[in-house]
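# Report on the structure
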Amino acid sequence: MAKKLVIKVTAGADSPERCSQAFTVAAVAVASGVEVSLWLTGESSWFALPGRAAEFALPHAAPLPELIEGIMAGGGITLCTQCAARRDISEGDVIEGVRIAGAQVFVSEIMADGVQALVY
């Protein structure tokens, strides 16, 4: 079994089921004791901003703010550097605890021993 799970979510409100699935898997993994690193890229980048997750709704899905809270409780959330720059998001704008990092950090995370990477 992988010791760490790295999940990259590329979808946001533009593809709500795919987006919700990524956050759900990350939150369930954290609750199961798995080390999780969730990467926000593309349209999911907006969820790094306070209040934006509360605007997301998908029938029969857990509320995104609750999933984010669960992920942050035992894992980490990273916003892609380029994605943040394209949306004029800076470190001072994001939810406390969300880091901004680039491809070099992502690659180092996914290439470590015992890591499973998923992309949604």
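Note that the structure is a prediction, hence the values are computed from the model and not measured.

### Some words on the sheet that holds strand 4 (residues 99–101)
Ordered by their spatial adjacency, five strands build an open sheet running 4-3-2-1-5, and the pairing between neighbours is parallel. Edge positions in the sheet fall to strand 4 and strand 5 (115–119), since each of these pairs with one other strand and no more. Each strand of the sheet is rotated relative to its neighbour by a mean of 25°, with strand direction disregarded. Where strand 1 (residues 4–9) meets strand 5, five bridges bridge the pair, whose relative direction is parallel. By the bridge assignment for strand 5, Lys8 is matched with Val119.

### Observations regarding the side chain of Ser20
The residue Ser20 is located in helix 1 (residues 16–31) in this model. Ser20 sits in the buried class, given a relative accessible area of 5%. Leaving out residues up to four positions away in the same chain, Ser20 has contacts with Phe56, Leu58, Ala61 and Leu67.

### Section: the packing of helix 1 against helix 2 (residues 64–74)
It is the contact of helix 1 with helix 2, at a shortest axis distance of 8 Å, that shows an interaxial angle of 40°. Regarding the angle of helix 1 to helix 2, the classification is oblique. Considering the relative orientation of helix 1 and helix 2, their crossing is left-handed. Two secondary-structure elements touch here, helix 1 through Ser20, Phe23, Thr24, Ala26, Ala27 and Val30 and helix 2 through Leu64, Leu67, Ile68, Gly70, Ile71 and Gly74. Residue composition of the contact of helix 1 with helix 2, by class: eight nonpolar, four polar and no charged.

### Side note on helix 1
Along its 16 residues, helix 1 runs 22 Å from first to last C-alpha, staying within 8% of the 22 Å computed at 1.5 Å per residue. Of the residues making up helix 1, those classed as buried are Cys19, Ser20, Ala22, Phe23, Ala26, Ala27, Ala29 and Val30. At its buried positions, helix 1 is contacted by strand 1, strand 2 (35–40) and helix 2. Immediately downstream of helix 1, the backbone of Gly33 shows phi near 90°, a positive value.

### A look at the nonpolar core
Ranked by size, the top nonpolar core spans 31 residues in total, and within it Phe23, Leu38, Leu40, Phe47, Leu64 and Leu79 carry the most contacts. Counting residues per element, the ones that place at least two in this core are strand 1, helix 1, strand 2, helix 2 and strand 3 (76–80). The element that contributes the greatest number of residues to this core is helix 1, accounting for seven residues. In contact with Phe23, not counting residues within four places along its chain, are Val9, Leu38, Leu40, Phe47, Leu64, Leu67, Ile68 and Ile71. Within the second largest apolar cluster, five residues are counted, among which are Val6, Trp39, Ala101 and Val115.

What counts and how
Residues numbered from 1 in each chain as written. Predicted model: local features only at pLDDT ≥ 70, side-chain atom pairs only at ≥ 80, totals over all residues. Heavy atoms only, no water. Pairing = 2+ DSSP bridges. Helix = DSSP H or I, 4+ residues; strand = E, 2+ residues; numbered from the N terminus. Axes fitted to C-alpha atoms, helices over the stretch in contact; angles between N-to-C directions. Buried < 20%, exposed > 50% of the residue type's maximum accessible area, 1.4 Å probe, protein only. Contact = heavy atoms within 4.5 Å. Parallel < 35°, antiparallel > 145°, perpendicular 65-115°, else oblique. Left-handed = near helix turned anticlockwise from the far one by under 90°. Nonpolar A, V, L, I, M, F, W, Y, C, P; charged D, E, K, R; others polar. Expected span 1.5 Å × (residues − 1). Core = buried A, V, L, I, M, F, W, Y, C linked by side-chain atoms within 4.5 Å.

Geometric values such as these leave the question of function open.
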